Amino acid sequence: MSKSTRRRELITFLILAFGIWPIVAVGIVGGYGFLVWGLQIIYGPPGPPAH
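Residues numbered from 1 in each chain as written. Predicted model: local features only at pLDDT ≥ 70, side-chain atom pairs only at ≥ 80, totals over all residues. Heavy atoms only, no water.

Draft legend 1. Structural detail: the overall build of the chain. The number of helices and strands found in the chain is one helix and zero strands. Computed over its C-alpha atoms, the radius of gyration of the chain comes to 21 Å, more than 25% above the 10 Å expected for a compact globule of 51 residues. For the C-alpha atoms alone, the extent of the chain along its principal axes is close to 70 × 15 × 10 Å. Counting every position in the chain, which comprises 51 residues, the buried fraction comes to 0%. Accessible surface computed for the chain: about 5000 Å², of which carbon and sulfur atoms make up 74%. (Helix = DSSP H or I, 4+ residues; strand = E, 2+ residues; numbered from the N terminus. Rg over C-alpha atoms; globule rule 2.2 N^0.38 Å. Buried < 20%, exposed > 50% of the residue type's maximum accessible area, 1.4 Å probe, protein only. Areas by Shrake-Rupley, 256 points an atom, 1.4 Å probe, with all protein chains shown as cover.)

See the structure below:
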């Protein structure tokens, strides 16, 4: 493996590991939270029904 290829792979890994994947993870968790929030607006919070 040439030095240029190895350097390019390392840069690609660092961009993926510390740039793209954290943004994707925050987007997934935030999207799930938004979905739960929206469903609670429609159906009410979880728990026993009120009397």
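On we go.
Draft legend 2. How the structure looks around helix H1 (residues 3–43). Taking 1.5 Å per residue as the helical rise, H1 with its 41 residues ought to reach 60 Å, and the 58 Å between its terminal C-alpha atoms agrees with that figure. Along its length, H1 reaches its greatest deviation from straightness, about 40 degrees, at Leu16. A positive phi of about 90 degrees marks Gly44, the residue just after H1. (Expected span 1.5 Å × (residues − 1). Bend = angle between axes of the 7 residues up to and from the residue.)

Draft legend 3. Layout of the environment of Tyr43. Within the element layout of this structure, Tyr43 appears in helix H1. Sequence separation of Tyr43 and Lys3 is 40 residues, and the distance between their C-alpha atoms is 58 Å.

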